[in-house]
Amino acid sequence: MTDIPPQADGLRRVVLGVQYDGACWQGWQTQPHRQTVQDQLEAALLRFSTQPIATTCAGRTDSGVHALEQVVHFDTAIARDSFSWVRGTNAFLPPTIAVRWACELPYVDDAAIADASAGVGNGEVAALHGAEREGAVQLAQFGFHARFSAIARTYHYVLYNHAVRSPLMAGKAGWTFRPLDADRMHRAAQHLIGEHDFTSFRAVECQAKSPVRKMESLAVRRHGDMIVFTLKANAFLHHMVRNIVGSLIVVGSGKQGPEWIGQVLALRDRSRAAPTFMPDGLYLARVDYPDAWALPQENRSWPWL
C-alpha cells in the first residue's frame, strides 16, 4: 500500500459532521456580510481554538437550504480529542448550527490533490477518491478530502401538500396547494435513474464542467400531507434537485404525463423543464464515503424521511 503522507509540522486533518437549519443563513459559502454557515462555523472554531481555521465542505448549499449532515474538514496543529471539537465549537455556534461529530485523520496537502488532479485529467483523481473498488491503495495515495473523497450524496426534499399553508412548516418544507399524485411522480422519476446529461435540470449559471451525473435512486413517498422526494447521485448540479422537484410537481398535478420527464431530460434544454422550486424543503441528508475512512456518521430516522 502507498504510505499516507506524513504529518506536516504536526498538522492533522479534523473532519466534522455539521447539521444546520439554513432558513436564516445565506447559504454555506463565506460572504462579505458573514451571514453564512461557513462564516459562523469558522468564527466558532476561531473562538474555541484561538487560531484562524479555514474549512472545506462536501458540497455547498444555497440560501435557505438545510443540512442533516454536511461533512467538513480542516487542518490544524492543535491537539484535541474528538468530542472536545464537538462541545467546544458548539459553545460558540448559534442554535441553528451544530457540530454533531468529529474525528481525526492523517493530514494531506490539498494542493497536492489539485496538482494530481490536473496531471491525471478528466476527473480521474476524483474518481479514485470515489471508487471503493479501487481499494485503499488509491485512497491512501491522496488522503481524505470532504469533497473529492465522496462517492455519493443524498438529498431529501420535504413538501407540504395541503390546500392551506402551515406556519409551522415555514422555512422547513416546500408547499403547494394543488393535490398531487405521489405514485405518478414516483413513476416519472424513474426516467432519471442512471447516467445522463442533466442540462435540462441545471441552473443557467451552473459552473460545473460537465452536466453528466449518475442518479442512483430517486423515490417519491407520501406520508399524510407530507411528500418526500429522496435523490441519491454521485454528485448534483446547481439547483438540480429543486428543478427536478418542480418538474415532478407538474406531473403530480396532472399537467403532464410521467413520460414527460424523460422527454425533458432528452431535450437537454433548461427552458423545457419547470421553474426552480423554493429552497425551503431541501435537505442535504448524507454524503457517502468509502468504508476505509471509518467516519462516525450518524444513522437516523427523521419524521417524514
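Residues numbered from 1 in each chain as written. Predicted model: local features only at pLDDT ≥ 70, side-chain atom pairs only at ≥ 80, totals over all residues. Heavy atoms only, no water.

K.L.:
It is not clear to me how the pattern of salt bridges should be interpreted in this structure. Could you clarify?
P.N.:
Where charged atoms from two side chains of opposite charge come close, those side chains can pair. For the coordinates displayed, the defined rule picks out 12 salt bridges. For Arg-268, the salt bridge is made with Asp-197, and the minimal N-O distance between the two is 3.8 Å. Placement of the pair is Arg-268 in the loop between helix 8 (259-267) and strand 10 (282-288) and Asp-197 in strand 7 (residues 194-197), with a sequence separation of 71 residues. Its relative accessible area of 17% is what places Asp-197 among the buried residues. Measuring nitrogen to oxygen at the nearest pair gives 3.9 Å for the salt bridge that ties Glu-216 to Lys-232. Here Glu-216 is found in strand 8 (residues 212-223), whereas its partner Lys-232 is found in strand 9 (residues 226-233), with 16 residues between them in sequence. Sharing partners across several salt bridges, the network here consists of Glu-69, Glu-216, Lys-232, Arg-286 and Asp-288. (Salt bridge = Lys/Arg side-chain N within 4 Å of Asp/Glu carboxyl O. Helix = DSSP H or I, 4+ residues; strand = E, 2+ residues; numbered from the N terminus. Buried < 20%, exposed > 50% of the residue type's maximum accessible area, 1.4 Å probe, protein only.)

K.L.:
What's the story with the nonpolar core in this structure? I'm lost.
P.N.:
Most often, soluble globular proteins keep nonpolar side chains buried together rather than apart. Within the largest apolar cluster, 74 residues are counted, with the highest numbers of intra-cluster contacts made by Leu-16, Trp-85, Phe-229, Leu-248 and Tyr-289. Of all the elements, helix 7 (residues 240-252) adds the most residues to this core, at seven residues. Setting aside its immediate chain neighbours within four residues, Phe-229 contacts Tyr-155, His-156, Tyr-157, Leu-159, Met-185, Ala-219, Val-220, Val-245, Leu-248 and Ile-249. Core analysis: the next-biggest nonpolar cluster, separate from the first, contains eight residues, Leu-68, Tyr-160, Ala-173 and Ala-285 among them. (Core = buried A, V, L, I, M, F, W, Y, C linked by side-chain atoms within 4.5 Å. Contact = heavy atoms within 4.5 Å.)

K.L.:
I would appreciate a short explanation of the side chain of Arg-242 in the present structure.
P.N.:
Checked against the element boundaries, Arg-242 lands in helix 7. The exposure class assigned to Arg-242 is buried, which follows from its relative accessible area of 11%. At 2.7 Å, the side chain of Arg-242 and the backbone oxygen of Phe-277 are in polar contact. The contact partners of Arg-242, leaving out residues within four places of it in the chain, are Asp-62, Pro-275, Thr-276, Phe-277, Met-278, Pro-279 and Leu-282. (Polar contact = N/O pair within 3.5 Å; in protein donor to acceptor, adjacent residues only side chain to side chain.)

K.L.:
Is there a simple way to think about helix 7 in this case?
P.N.:
Note on helix geometry: an α-helix contains 3.6 residues per turn, so any two residues three or four positions apart are oriented the same way. Taking 1.5 Å of rise per residue, 13 residues should cover 18 Å, and helix 7 covers 18 Å from first to last C-alpha, within 8% of that figure. Burial of helix 7 is extensive: 12 of the 13 residues sit out of reach of the surface. In the core, the buried residues of helix 7 are packed alongside strand 5 (152-161), helix 6 (182-189), strand 8, strand 9, helix 8 and strand 10. Trailing helix 7 by a residue or two, Gly-254 shows a phi angle of about 90 degrees, which is positive. (Expected span 1.5 Å × (residues − 1).)

Treat this as a map of the structure, not an account of what it does.
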